[in-house]
Amino acid sequence: MAMTLVETITLASATSTITFSNIPQTGKDIMVLTSLRDANTSSGNDVLFSVNGVTTGYVVRTLYGTGSGIGRANAGSSGYMATFSSQSNNLTANTFSNIQFYLSNYAGSRKKSVSIDAVTENNATAAYMTINAGLLNATAAITSLSISMGGPNFLQHSSASLYIIS
Amino acid sequence: MPTATYDLIASNVLSTSAASVTFSALPSTYRDLVIVITASLTAGTGQNQIRLNSDTAGNYSSVSMEATGTAQQSGAGNPNTWWYVNFNNGDMDAEPTTTIIHIMDYAQTNKHKVGLSRGNSVGSGTSVGANVHRWASTSAVDTILIQASGTYAANSSFYVYGIAG
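Residues numbered from 1 in each chain as written. Chains lettered and ligands numbered in written order. Predicted model: local features only at pLDDT ≥ 70, side-chain atom pairs only at ≥ 80, totals over all residues. Heavy atoms only, no water.

Focus: the overall build of chain A
Operational definition: Each helix corresponds to a stretch of at least 4 residues labelled H or I by DSSP, and each strand to a stretch of at least 2 residues labelled E; elements are numbered beginning at the N terminus. Here the globule rule reads 2.2 Å times residues to the power 0.38, and the radius of gyration is calculated from C-alpha atoms. Accessibility here uses a 1.4 Å probe with only protein chains present; expressed as a share of the type maximum, an area under 20% marks a residue as buried, one over 50% as exposed, and anything in between as partly exposed. Whether two residues touch is decided by their heavy atoms; if any such pair falls within 4.5 Å, the residues are in contact. His is not counted here, nor are the chain ends, while Lys and Arg score as positive and Asp and Glu score as negative. To locate a charge, take NZ of a lysine, CZ of an arginine, CG of an aspartate or CD of a glutamate.
Within chain A, the regular secondary structure consists of zero helices and twelve strands. Secondary structure elements of chain A, listed N to C terminal, follow the sequence β-β-β-β-β-β-β-β-β-β-β-β. Its C-alpha atoms give chain A a radius of gyration of 15 Å, near enough to 15 Å, the size a compact globule of 166 residues would have. Structurally, chain A occupies a C-alpha span of about 45 × 35 × 30 Å along its principal axes. Taking all 166 residues of chain A together, the buried fraction comes to 51%. Counting contacts in chain A only where the partners sit at least 6 residues apart, residues at least 24 apart contribute 77% of the total. Seen as two clouds, the 7 positive and the 6 negative side-chain charges of chain A have centres 15 Å apart.

Describing the side chain of threonine 83 of chain A
All names here are of chain A. The criterion, for reference: Residues adjacent in sequence count toward polar contacts only when both atoms are side-chain atoms; beyond that, a polar contact is any pair of N or O atoms within 3.5 Å, and within protein one must be able to donate a hydrogen and the other to accept it.
When you line up the elements, threonine 83 lands in strand β7 (residues 81–83). Of the polar contacts made by the side chain of threonine 83, one reaches the side chain of threonine 130; its length is 2.9 Å. Setting aside anything within four residues of it in sequence, one finds threonine 83 in contact with Asn45, Asp46, Val47, Phe49, Ile99, Ile116, Ala118, Thr130 and Asn132.

As for a nonpolar patch on the surface
Here is the rule: Patch building starts from residues that exceed 30% relative accessible area and form no salt bridge, then joins like charges within 9 Å and nonpolar side chains (Val, Leu, Ile, Met, Phe, Trp, Tyr) within 5 Å. In these tables, accessible area is a Shrake-Rupley quantity obtained with a 1.4 Å probe, and a residue counts as shielded only by the protein chains included in the view. When a carboxyl oxygen of Asp or Glu lies within 4 Å of a side-chain nitrogen of Lys or Arg, that pair is called a salt bridge.
Together, Val63, Val114, Leu116 and Val132 of chain B make up an exposed nonpolar region whose accessible area comes to about 290 Å². Residue classification places valine 114 of chain B among the partly exposed positions, given a relative accessible area of 35%.

Remarks on the interface of chain A and chain B
Where interface size is quoted, it is often the accessible area lost as the parts come together. Keep this limit in mind: Buried area adds together the accessible area that both of two parts lose upon being put together, with accessible area traced by a 1.4 Å probe.
With 31 residues of chain A in contact, the opposing surface of chain B contributes 35 residues. Buried surface at the junction of chain A and chain B, both sides included, amounts to about 2,700 Å², of which 59% is carbon and sulfur. Contact with chain B buries surface across chain A, with Leu63, Arg72 and Arg110 of chain A losing the most and accounting together for 21% of the total. On inspection of chain A and its partner chain B, the count reaches one salt bridge.

What to know about the side chain of asparagine 132 of chain A
Position of asparagine 132 of chain A relative to the elements: it lies in strand β10 (residues 129–136). Relative accessible area serves as the criterion here: at 0%, asparagine 132 of chain A is assigned to the buried category. Side chain to side chain, asparagine 132 of chain A and threonine 62 of chain A meet in a polar contact 2.8 Å long. Other than its neighbours up to four places away in sequence, asparagine 132 of chain A contacts Val60, Arg61, Thr62, Ala82, Thr83, Val114, Ser115 and Ile116 of chain A together with Arg118, Asn120 and Val128 of chain B.

Remarks on the packing of aromatic side chains
Residue and element names in this part refer to chain A. As a reminder of what qualifies: What counts as a ring pair is set by centres within 6.5 Å for rings of Phe, Tyr and Trp (its six-membered ring), and what kind of pair is set by the plane angle: stacked under 30 degrees, edge-to-face over 60, tilted for all other angles.
In this structure the tally under the stated criterion is eight aromatic pairs over all chains. The interplanar angle of 20° and the centroid separation of 4.8 Å between the aromatic rings of phenylalanine 49 and phenylalanine 101 together place this pair among those described as stacked. A residue pair is termed long-range when its members are at least 10 positions apart, and phenylalanine 49 in strand β4 (residues 47–51) and phenylalanine 101 in strand β8 (residues 97–104) qualify at 52 residues. Taken as a pair, phenylalanine 49 and phenylalanine 101 share a single burial class, namely buried. A ring pair is formed by phenylalanine 84 and tyrosine 128, whose centres lie 5.1 Å apart and whose planes are at 75°; its orientation type is edge-to-face. Note that phenylalanine 84 is positioned in the loop between β7 and β8 and tyrosine 128 in the loop between β9 (112–119) and β10, a separation of 44 residues in sequence. Exposure remark for phenylalanine 84: the relative accessible area of 22% places this residue in the partly exposed category. Note on tyrosine 128: relative accessible area 13%, which makes it buried.

As for the sheet that holds β7 of chain A
All names here are of chain A. Stated formally: Two strands qualify as a pair provided DSSP detects at least 2 bridges between them. Whenever a helix is involved, its axis is fitted only over the stretch in contact; in every case the axis is a line through C-alpha atoms, and angles between N-to-C directions fall within 0 to 180 degrees.
As summarised here, the arrangement of the four strands in space is β2-β11-β4-β7, forming an open sheet in which the pairing is antiparallel. The sheet is open, and its two edges are formed by β2 (17–20) and β7, each paired on a single side. Averaged over all adjacent pairs, the angle separating strand axes in this sheet is 20°, with direction ignored. Where β2 meets strand β11 (residues 145–148), four bridges bridge the pair, whose relative direction is antiparallel. Bridge pairing in β11 places phenylalanine 20 opposite leucine 145.

Observations concerning the pattern of salt bridges
Residue and element names in this part refer to chain B. What the rule picks out here adds up to three salt bridges over all chains. Taking the shortest distance from any N to any O, the salt bridge between aspartate 105 and arginine 31 comes out at 2.5 Å. Residue aspartate 105 is located in the loop between β8 (97–104) and β9 (113–121), and its partner arginine 31 is located in the loop between β2 (18–23) and β3 (32–39); the two are separated by 74 residues in the primary sequence. Residue class for arginine 31 comes out partly exposed when judged on its relative accessible area of 35%. Each of Arg31, Asp105 and Lys111 takes part in a single network of salt bridges with overlapping partners.

Encoded structure:
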């Protein structure tokens, strides 16, 4: 009964998708912590989470700050759970974003509610912090989880760790 | 041998609807507590309300920020008789929600208790928010009462984890 590291994936080269497969079904909750930087050359893009290869039925509500303002966003019935927090390659060198993705009762048979917190880093005014509420309109137990940008690569040294909490 | 951490020290998964959930006789052997609630209400919308050690006095204060489906807002509440954490939904099957509450140094008797919480709901009662809380008491926390301004639906789950320090 504890928080157990299942796997850490650290990119040796640029890669478009980070995937955790065969997630053990022995826990109550899962938590994913990421350190990411991507090949986009403009900031403010989405990092996309999906589970079990499902590409529809995600709903996300977001509250964000940009360094100079605040806002909200609603995404209904989309193909991913998106958090507005990419660490694009035009931001300060060697900086990475951090995201915490938390999903309780992941092995259960009900729809999945998710909490996501994310921050970017930049030695300038523009940097992003978002908090996100997510819902997956599917009931299957979570056995895999993928993180992508919908095209652009995550850069070398990006990493993601998946924990189960039991 | 590392100290075990993030241990599940109490849980309650409702077999039938209930107005509240209480965890008592919590051990004082951890540094922090994390409460994870996946829940909904039987009807209507509302908020999670957290009370510590059965203290009904106005010793609870909070500062919050929140986005609803139509606006973003922030506010402060002081004094209150509860900690409030945004949470709004009314259908466990269609719209379960996740609330995460951290209570730091919960067993220390030389400081007031600080909480950080995140509320997440989408659907009929959209709300995503973050809150910081204070309980103006130096007592060690050994009892936590969780209720909503409504009735929790069956299958709502409440987990309390202890983090070693």
